[in-house]
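Coordinate inspection notes
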Amino acid sequence: MQTIQTTRNATRHPFCRRKSSLTMKKKERTMQTTATLKNENTTRTPVTTTVGALIQDAKTVEEILRAACDSLLLEGEETLHFHFQDVHRQKNKSASVNGLKRLAKMMCSSSGSYEKKTKTKNNERIGGIVRLIKGASLDGTKTTNRKKRASDGIDALRATASLLVSLFDEDKDEDEDDSDTSREEMRNACDELVRRVREDAEYFSDGDRIVFDWALRVIESNIASSSGETTATSERRGDATITVDEFPFRYVTPNISNVLKSITVEDLRKEVPFKAEKLITRTGKRVDERRETCFVAESGIGGLAYSGKIMEPTLLNEASLPLVTTIRNAIVEALKNDEDYAGCDIDFDCALMNLYPDGSSACAWHTDPEMGTVWDRDSVIVSIGETRRFAFRKLAGGGDKTQNDGEEEQVWVRVHHGDCILMRDDCNDNWEHCVFGKENDSNNAARISLVFKKALSRGGGRKKGHGTNSKEKKKAK
Ligand SMILES: O=C(O)CCC(=O)C(=O)O
Ligand SMILES: [Fe+2]
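Residues numbered from 1 in each chain as written. Chains lettered and ligands numbered in written order. Predicted model: local features only at pLDDT ≥ 70, side-chain atom pairs only at ≥ 80, totals over all residues. Heavy atoms only, no water.

Remarks on the overall build of the chain
Of regular secondary structure, the chain possesses 16 helices and 15 strands. Across the 477 residues in the chain, those meeting the buried criterion constitute 53%. Sequence-distant contacts, at least 24 apart, represent 79% of the contacts inside the chain between residues at least 6 apart. When the accessible surface of the chain is summed, it comes to about 21,300 Å², and 49% of that surface belongs to carbon and sulfur atoms. (Helix = DSSP H or I, 4+ residues; strand = E, 2+ residues; numbered from the N terminus. Buried < 20%, exposed > 50% of the residue type's maximum accessible area, 1.4 Å probe, protein only. Contact = heavy atoms within 4.5 Å. Areas by Shrake-Rupley, 256 points an atom, 1.4 Å probe, with all protein chains shown as cover.)

A look at the site of ligand 1
All residues in the neighbourhood of ligand 1 are listed as Arg291, Leu352, Asn354, Tyr356, His366, Asp368, Ile381, Phe390, His433, Val435, Arg447 and Ser449. Contacts to ligand 1 include Tyr356, whose side-chain N or O atom sits 2.5 Å from an oxygen atom. Separating an oxygen atom of ligand 1 from a side-chain N or O atom of His433 is a distance of 3.0 Å. Protein contacts shield 97% of the accessible area of ligand 1, which totals 290 Å² for the unbound molecule. Looking at which element gives the most residues to the shell around ligand 1, the answer is strand E8 (residues 350–356), with 3 residues. (Near = heavy atom within 4 Å. Polar contact = N/O pair within 3.5 Å; in protein donor to acceptor, adjacent residues only side chain to side chain.)

As for empty space enclosed by the protein
In this structure the tally under the stated criterion is 4 cavities of 30 Å³ or more. Approximately 90 Å³ is the volume attributed to the second largest cavity. Where the lining of the second largest cavity is concerned, the elements lending two or more residues are helix H8 (146–168) and helix H9 (180–198). Here the element with the most residues in the lining of the second largest cavity is H9; it accounts for 3 residues. Considered class by class, the residues forming the lining of the second largest cavity number 4 nonpolar, 2 polar and 6 charged. (1 Å grid on protein atoms, 1.4 Å probe; cavity = no way out; pocket = protein on both sides within 12 Å on 5 of 7 lines; lining within 4 Å. Points joined across faces, edges and corners; volume = space filled by probe spheres on them. Nonpolar A, V, L, I, M, F, W, Y, C, P; charged D, E, K, R; others polar.)

Side note on the coordination of the iron ion (ligand 2)
Distances from the iron ion (ligand 2) to its protein donors, His366 (NE2), Asp368 (OD) and His433 (NE2), fall at 2.1 Å. Spacing between the donor residues of the iron ion (ligand 2) along the chain follows H-x1-D-x64-H. The residues His366 and Asp368 share a single accessibility class, namely buried. (Donors = N, O, S within 2.8 Å, 3.2 Å for Na, K, Ca; no water.)

A word on H8
With 23 residues, H8 should cover 33 Å at 1.5 Å per step; its first-to-last C-alpha distance of 32 Å lies within 8% of that length. H8 sits mainly inside the fold: 19 of its 23 residues count as buried. Here H8 starts with a cap whose side-chain oxygen sits 2.8 Å from the backbone nitrogen of Lys147, and that cap is Asn145. (Expected span 1.5 Å × (residues − 1).)

Things to note about the sheet that holds strand E10 (residues 379–385)
Spatially, the 7 strands line up as an open sheet ordered E1-E13-E10-E15-E8-E4-E7, and their pairing is mixed. Bordering the open sheet on either side are strand E1 (249–251) and strand E7 (313–315), each of which pairs with just one other strand. Each adjacent strand pair in this sheet contributes to an overall mean axis angle of 20 degrees, direction not counted. With 3 bridges joining them, E1 and strand E13 (residues 420–423) adopt antiparallel strand pairing. The residue bridging Tyr251 from the neighbouring strand is Ile421, located in E13. Contacting strand E4 (292–297), E8, E10, E13 and strand E15 (447–453), helix H13 (residues 322–337) runs over the sheet at an angle of about 60 degrees to E15. (Pairing = 2+ DSSP bridges. Axes fitted to C-alpha atoms, helices over the stretch in contact; angles between N-to-C directions.)

See below:
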């Protein structure tokens, strides 16, 4: 069993130390609780604000972290009999899960517009975030429904994974120095959270298992120990019972290829002739498409059609689209070599590229058309630029879209710069996917997605893809 860190260690972080000394904090906590009890017992005047309310009402990242440092009670910090009660621990636990969720949302921007991330700033934040992760791992659960506990645990893991990307991504390749201790503490806290959440594995929904699998890989790739002594992902998974092999899609290991790290939205915008076009809705209305698109394809492949438009291909090769070609080659290579995706031997020859200029452009629920007839069923989406939530939901009645009433469980994770999503086999027959808009005003930068596909040979001397002459255009409408 992992030793749980005491407050003495946790408060060593600059963020916590700046606010108050250990002794002061303990004293304040005791006084606060006494005041709360007195108020509750003797008067009807408003009681001391709880940590839950402090976190819920916090307007900034710093306010949440301050509440975590000054008002959250972790194991070993309880000072009164009252604190040991399950219901009290449960409150601290719920407040922590909420704190992690709110922080992940506030800090999700990858564009740096949230504010410049510096090591010092990060180290200050890590102390508070570690406390929240420990809070989310509290055992205040005797009265709790296990299914709810499992889904809270998954929420905490998903938020923690996103936070790790925000905190560590930028300095991952730099020499580790002052952030080493914080990283170690973060790793211990994450390991404990994973262990706790895994205890409820039998109550996981399908979506929970997918998020669990993704979160473990994000944790692994962001806080792997510099000494090389790291808990292997397979070990964190616990055993073979939490597998996701049966799902036809996968949130791929983050930053599967380093090549993607250095390619920016601006680089791709310069290289690719994106265009804003019109779409035709199901009711026949012509509307503006919010995102800009471009279909790139190797020679011998025709156009790509969807929602009443056909895009003529832009030639995909080293000379005309060097960056896109580099990304394609890197993805193909990485998927082939990654143990988690063994057998994924796909060679893509075209891609639908989407430019979402800001956070108000999104992509509604849909399935990709003609997978298995015009295009190979396997495809990969690469994400460049701003972070967005990417979701899947199962189509009701074995693929009947008209039966979906929006009640189906959504599986979502944040896809960050360089992340990929793999869709295989019958994914587009039985599952819909979508991309949500921005989560807050700082999450408003542009994002580009590259939906890599392989055009199928359709025999009879026909060109691959869609014809782009007027006859075929009419057919597509
Ligand atoms: O932008 C994305 O990540 C997804 C785009 C998509 O699903 C599509 O264009 O079919
Ligand atoms: Fe799609």
